[in-house]
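Coordinate inspection notes
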Amino acid sequence: MHRSTAARVLRWPAALLLVAALAAPTGCAKRPATTRPQVGVTLLTEAHVFYQDLKKGLLKAGDSLGIDLHIVAGEWDLARQTSQVENFITQKMDAIIIAPVDSRGIVSAVEEANRAGIPVFTVDIASAGGNVTSHIASDNRQGGRLVGEYLAAQLKGKGTVAILDQPTLVSVIDRVNGFRDAVAHYPGITLVTTAVERGLRDVAKNKMDNLLQSHPDLAGVFGSNDDCALGALASVRAAGRNNIVIVGFDAIPEARAAISSGGPLKADAIQYPEVIGRRAMETVYRALHGEKVPPLVAVPVGIVDRDSLATGASTH
């Protein structure tokens, strides 16, 4: 790992910090003079419940660990997120945390931070390249396997199943691979896949409308996030195809309500974003204090269905 700027900042005497603060030119690009580590965070979005909870976990842990966080979001715009990382580099952050908008597209920004000697951490979604100190995320492959096994059991191992995919995100690639691992044990299941741009609900509904036309025998759907699953749910309801079994990923409140109602959405992989945020900050803290940290911190996921929601339990 590159030599951390945090180690240097933490050794500065207070007088030197004051001199540095007075000498530095004003402007929003300059980091505050403080002995507390400064960490820049750019999330994929702040519009999604998952990332709102992830942000809560980051902030709570950062506060308890004495780390100041500067949190922004790319909002699905790679150019915007790249600019945010560049700003963190200019501000000489002690570390940068990224939930990439695009796993491949973010690589150049990660490499720029590497050249500046600033350690990079990724959360939820991995970067496809660059030197990342540690990636902290749900065990997405495990989650994909859990919902794959659930769906296969619901279909008794037979039928055509659609995957509503997001192939630009490593986390979703892992989910889909886990799902494929599970259903590969059922030769009676045939898979069809379609990409859903940004995993948006209205796009997922339109894609599902098309799938219902091209595959009238469709028996099941895997939504790679809950907006995909809920978009599929809206489509099958509009078509009167309530016999189609849908599984999703995230277990946001709206999806849980749909599962509890007993409709076509039967189960969801459930993530624990606040735990991911806390584990991320603990990992950053350890790294900035010279400890060796694992390259991957995998947070287990569970699965919820109508029964488990009724009892307040989730299955791991």
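Residues numbered from 1 in each chain as written. Predicted model: local features only at pLDDT ≥ 70, side-chain atom pairs only at ≥ 80, totals over all residues. Heavy atoms only, no water.

Time to look at the sheet that holds strand E2 (residues 68–73). The parallel open sheet is built from 6 strands, whose spatial order is E2-E1-E3-E4-E5-E11. The open sheet has two edge strands with one neighbour each: E2 and strand E11 (296–299). Averaged over all pairs of adjacent strands, the angle between strand axes in this sheet comes to 15°, irrespective of strand direction. Sheet topology places strand E1 (residues 38–43) next to E2; 6 bridges connect them, and they run parallel. Opposite Leu43, over in E2, you have Ala73 as the bridge partner. Along the sheet, helix H3 (residues 49–65) makes contact with E1, E2, strand E3 (95–98) and strand E4 (120–123), crossing E1 at roughly 175°. (Pairing = 2+ DSSP bridges. Helix = DSSP H or I, 4+ residues; strand = E, 2+ residues; numbered from the N terminus. Axes fitted to C-alpha atoms, helices over the stretch in contact; angles between N-to-C directions. Contact = heavy atoms within 4.5 Å.)

Moving on to the packing of aromatic side chains. Per the stated rule, a full pass over the model turns up 2 aromatic pairs. Measuring from ring centre to ring centre gives 5.1 Å for Phe50 and Tyr51, while their planes differ by 80°; the resulting arrangement is edge-to-face. Pair check on accessibility: Phe50 and Tyr51 agree, each one buried. A centroid spacing of 4.5 Å and a plane angle of 10° characterise the contact between Phe179 and Phe222, whose relative ring orientation is stacked. With Phe179 in helix H7 (residues 170–183) and Phe222 in strand E8 (residues 218–223), this pair connects stretches of sequence that are 43 residues apart. We note that Phe179, like Phe222, is buried. Sitting above the plane of the Phe249 ring, Arg175 keeps its charged end 4.0 Å from the centroid. (Phe/Tyr/Trp six-rings, centres within 6.5 Å; stacked < 30°, edge-to-face > 60°. Buried < 20%, exposed > 50% of the residue type's maximum accessible area, 1.4 Å probe, protein only. Lys NZ or Arg CZ within 6 Å of the ring centre and 35° of its normal.)

Before going further, it helps to spend a moment on the nonpolar core. For soluble globular proteins, the rule of thumb is that nonpolar side chains tend to be buried together. With 53 residues, the main nonpolar core has Val39, Leu43, Leu58, Ile97 and Phe179 as its most contacted residues. Counting residues per element, this core draws most heavily on helix H11 (residues 273–288), at 6 residues. Among residues more than four places away in sequence, those in contact with Leu43 are Tyr51, Leu54, Lys55, Leu58, Ile71, Val72, Ala73, Gly74, Glu75, Gln81 and Ala99. Of all hydrophobic cores here, the second largest spans 26 residues; its members include Ala204, Ala229, Ala232 and Ile252. (Core = buried A, V, L, I, M, F, W, Y, C linked by side-chain atoms within 4.5 Å.)

Another aspect to go through is the environment of Ser108. Tracing the backbone through its elements, the reader meets Ser108 in helix H5 (residues 107–115). Looking at Ser108, the relative accessible area reads 43%, which means it is partly exposed. Spatially, the C-alpha atom of Ser108 lies 8.3 Å from that of Gly129, the residues being 21 residues apart in sequence.

Another aspect to go through is the packing of H3 against H11. The contact between H3 and H11 brings their axes to 7 Å, and the two run at 40°. For the pair H3 and H11, the crossing hand works out as right-handed. Seen from H3, the contacting residues are Phe50, Asp53, Leu54, Lys56, Gly57, Leu58, Lys60, Ala61, Gly62 and Leu65; seen from H11, they are Pro273, Glu274, Ile276, Gly277, Arg278, Ala280, Met281, Glu282 and Tyr285. When the residues that make up the contact of H3 with H11 are grouped by side-chain class, the tally is 10 nonpolar, 3 polar and 6 charged. (Left-handed = near helix turned anticlockwise from the far one by under 90°. Nonpolar A, V, L, I, M, F, W, Y, C, P; charged D, E, K, R; others polar.)

Bringing helix H6 (residues 140–154) into the picture now. Taking 1.5 Å per residue, 15 residues should reach 21 Å; H6 reaches 21 Å between its end C-alpha atoms and fits that length. What H6 keeps buried is the set Asn140, Gln142, Gly143, Gly144, Leu146, Val147, Gly148, Tyr150, Leu151 and Ala152. Of the residues one or two after H6, Lys156 is the one with positive phi, at around 55°. (Expected span 1.5 Å × (residues − 1).)

Time to look at the sheet that holds strand E6 (residues 158–165). Taken in spatial order, the 6 strands make up an open sheet running E7-E6-E8-E9-E10-E12, and their pairing is mixed. The strands lining the two open edges of the sheet, one partner per strand, are strand E7 (188–195) and strand E12 (302–305). Pairwise comparison of adjacent strand axes, ignoring direction, gives a mean angle of 20° for this sheet. Bridge count between strand E10 (residues 265–270) and E12: 4 bridges; the pairing is antiparallel. Of the residues in E12, the one forming a bridge with Ile270 is Gly302. In the packing of H7 onto the sheet, contacts are made with E6, E7, E8 and strand E9 (245–250), and the angle to E6 comes to roughly 170°. Most of the contacts of helix H8 (residues 201–214) go to E7, to which it runs at about 135°, and overall it touches E6, E7 and E8.

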